[in-house]
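# Observations on the three-dimensional arrangement
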Amino acid sequence: RTELERQDYSVPRHPEFRYKTEFQSHEPEFDYLKSLEIEEKINKIKWGQTANNALFILSTNDKTIKYWKVQDKKVKRISVMNLDTSQSADNGTTSSSSTSSSRGLPNGGSSEKSYNCANNDLPFPPGGYASLRLPVVVTGQELNPVARCRRVYAHAHDYHINSISNNSDGETFISADDLRINLWNLEINSQSFNIVDVKPANMEDLTEVITCAEFHPTHCNTLAYSSSKGAIRLIDLRQSALCDNHSKLFEEHEAPGSKSFFTEIIASVSDIKFARDGRHILSRDYMTLKLWDLNMDSGPVATFQVHEHLRPKLCDLYENDSIFDKFECCLSGDGHRLATGSYSNLFRVFGCTSGNTEATTLEASRNPMRRQVANPTRPTRTLTSLTRAVRRGADGNGNSNDFSTKLLHLAWHPTENSIACAAGNSLYMYYA
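The shown structure was predicted, so the numbers you read here are calculated from the model rather than taken from an experiment.

Parameters and conventions
- Residues numbered from 1 in each chain as written.
- Predicted model: local features only at pLDDT ≥ 70, side-chain atom pairs only at ≥ 80, totals over all residues.
- Heavy atoms only, no water.
- Helix = DSSP H or I, 4+ residues; strand = E, 2+ residues; numbered from the N terminus.
- Areas by Shrake-Rupley, 256 points an atom, 1.4 Å probe, with all protein chains shown as cover.
- Pairing = 2+ DSSP bridges.
- Patch = residues over 30% accessible without salt bridge, like charges linked within 9 Å, V, L, I, M, F, W, Y side chains within 5 Å.
- Salt bridge = Lys/Arg side-chain N within 4 Å of Asp/Glu carboxyl O.
- Lys, Arg positive; Asp, Glu negative; His and termini not counted.
- Charge placed at Lys NZ, Arg CZ, Asp CG, Glu CD.
- Buried < 20%, exposed > 50% of the residue type's maximum accessible area, 1.4 Å probe, protein only.
- Axes fitted to C-alpha atoms, helices over the stretch in contact; angles between N-to-C directions.
- Phe/Tyr/Trp six-rings, centres within 6.5 Å; stacked < 30°, edge-to-face > 60°.

Another point: the overall build of the chain. In terms of helices and strands, the chain carries 3 helices and 28 strands. Carbon and sulfur atoms form 48% of the exposed surface of the chain, whose accessible area is close to 24,700 Å².

Two elements, strand S10 (residues 180-185) and strand S11 (residues 188-197), share 5 bridges in a ladder whose sense is antiparallel. In the sheet register, leucine 183 faces S11, and the bridge partner there is phenylalanine 193. As consecutive antiparallel partners, S10 and S11 are separated by 2 residues.

Residues Glu27, Glu29, Glu37, Glu39 and Glu40 make up a contiguous surface patch of negative charge. Among the secondary structure elements, glutamate 27 is positioned in the loop between helix H1 (2-7) and strand S1 (29-31).

The next point concerns the side chain of lysine 66. Summarising the element assignment, lysine 66 is placed in strand S5 (residues 65-84). One buried charged side chain, lysine 66, makes no salt bridge at all; its nearest oppositely charged neighbour is glutamate 29, positioned 5.5 Å away.

Here we have 4 strands laid out as an open sheet, ordered S8-S9-S10-S11, and antiparallel in their pairing. Where the open sheet ends on each side, the last strands, each with one partner, are strand S8 (163-166) and S11. This sheet shows a mean twist of 25° between the axes of neighbouring strands, independent of strand direction. Examined bridge by bridge, S8 and strand S9 (residues 172-176) share 4 bridges and lie antiparallel to one another.

Further remarks concern the pattern of salt bridges. For the coordinates displayed, the defined rule picks out 14 salt bridges. Across the salt bridge formed by arginine 180 and aspartate 158, the nearest N and O atoms sit 3.8 Å from each other. Residue arginine 180 is located in strand S10, and its partner aspartate 158 is located in the loop between strand S7 (133-153) and S8; the two are separated by 22 residues in the primary sequence. A relative accessible area of 44% means that aspartate 158 is categorised as partly exposed. A salt bridge links arginine 233 to glutamate 208; the shortest N-O distance between them is 3.1 Å. With a gap of 25 residues between them, arginine 233 in strand S14 (residues 232-236) and glutamate 208 in the loop between S11 and strand S12 (210-215) connect regions that are remote in the sequence. Given a relative accessible area of 15%, arginine 233 falls into the buried group. The network of salt bridges with shared partners includes Asp158, Arg180 and Asp197.

A few words on the packing of aromatic side chains. If you walk through the whole model with that rule in mind, you get 16 aromatic pairs. Geometrically, the ring pair formed by phenylalanine 23 and tryptophan 68 is tilted, given 4.7 Å between the ring centres and 45° between the ring planes. Of the two residues, phenylalanine 23 sits in the loop between H1 and S1 while tryptophan 68 sits in strand S5, which places them 45 residues apart along the sequence. Since its relative accessible area comes to 33%, phenylalanine 23 is described here as partly exposed. Take tryptophan 68: its relative accessible area is 8%, and that puts it in the buried class. With a centroid separation of 5.3 Å and an interplanar angle of 85°, the aromatic rings of phenylalanine 261 and tyrosine 318 are classed as edge-to-face. Of this pair, phenylalanine 261 sits in the loop between strand S15 (248-250) and helix H2 (263-267) while tyrosine 318 sits in helix H3 (residues 314-319), placing them 57 residues apart in sequence. Taking the relative accessible area as the measure of exposure, phenylalanine 261 reaches 55% and is therefore exposed. Among the aromatic residues, those joined into a cluster by ring pairs are Phe261, Phe262, Tyr318 and Phe324.

In structure tokens, the structure reads:
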């Protein structure tokens, strides 16, 4: 009976990942006009729409964006075998030696040469020719992934690029730095269109910068960008060529009297992600995760505490620059869960459906359950943001925090219930 019941439903299998290929995306550059060295470090990677069994990737460092095509190519493999005639004494046949060799071939066996004979009846003396070896070239084809750079989009940003995002139309993408957002066509790298510009006439009047930008997953005319003041602006490209005015503003105001020196720093949004249904936006700042409904801009529909236990340590975090760490966030494909990283290579997973109070803390290691951290109970109204660390401490629950090890990058599989986390120089994949 048990065997028959198992046949009634398919047992979910863990997704399998295999190494495919690697390639050098960027090289160190030097901007002679500004006397500026540009590192090869990649800031963002985005998948493009697949076509003809090829993978397309957008990658960017601080200044230059590249569009890559990775496709399996047929590679010809040539192997050479020796035919030894010394063993064809009686029956006039030839036998091949067991080892491959390139002796007797021009250029050391690197080229193929054909021999013509007018008569197929080749007489062999008894015992054959002891010194005669006939080379035979055997060719075969293998599929190897090959990466080719199709476009290079450069010289469009005066400041470091912090985000790129593909459009759902499959033809355009955006790139954003601290002050501007540019719209590109994938096939044209000679020009881009500036659609958002927050640079004031006098830089002394600058009060906020752009921290992240993301296209809507299905509406090609809609995109959102976040700022260092904790605001998320939704803009419609159909309104005007330069989208100085937003169509919606998502912002949670601080309670009167609760402002401090760190209020604006910890309110800075470090990452935003659209849910696959396009209805919600997930944002991450230094203290919390927030889930926003596009139809309700009065406030977030849910707030999830991540670093509330670090609030007493904000002075120390400011001194060692940890308060500026940029933690990313992600949502599961079904939209039922969301996740973000923290210190000590920990990441937190929350349930975001109605009535789901799931809140799990795991460590990015071979044993993710090794260091379970008690959920902080102290409420908070702010979030978490930006870069660098060097310090150890302990939270109010007695859990140690290693500020030199932090999990900044993570991503949820779009269809499978699996999550990938980058901790240090290792990549961990978990399947639930």
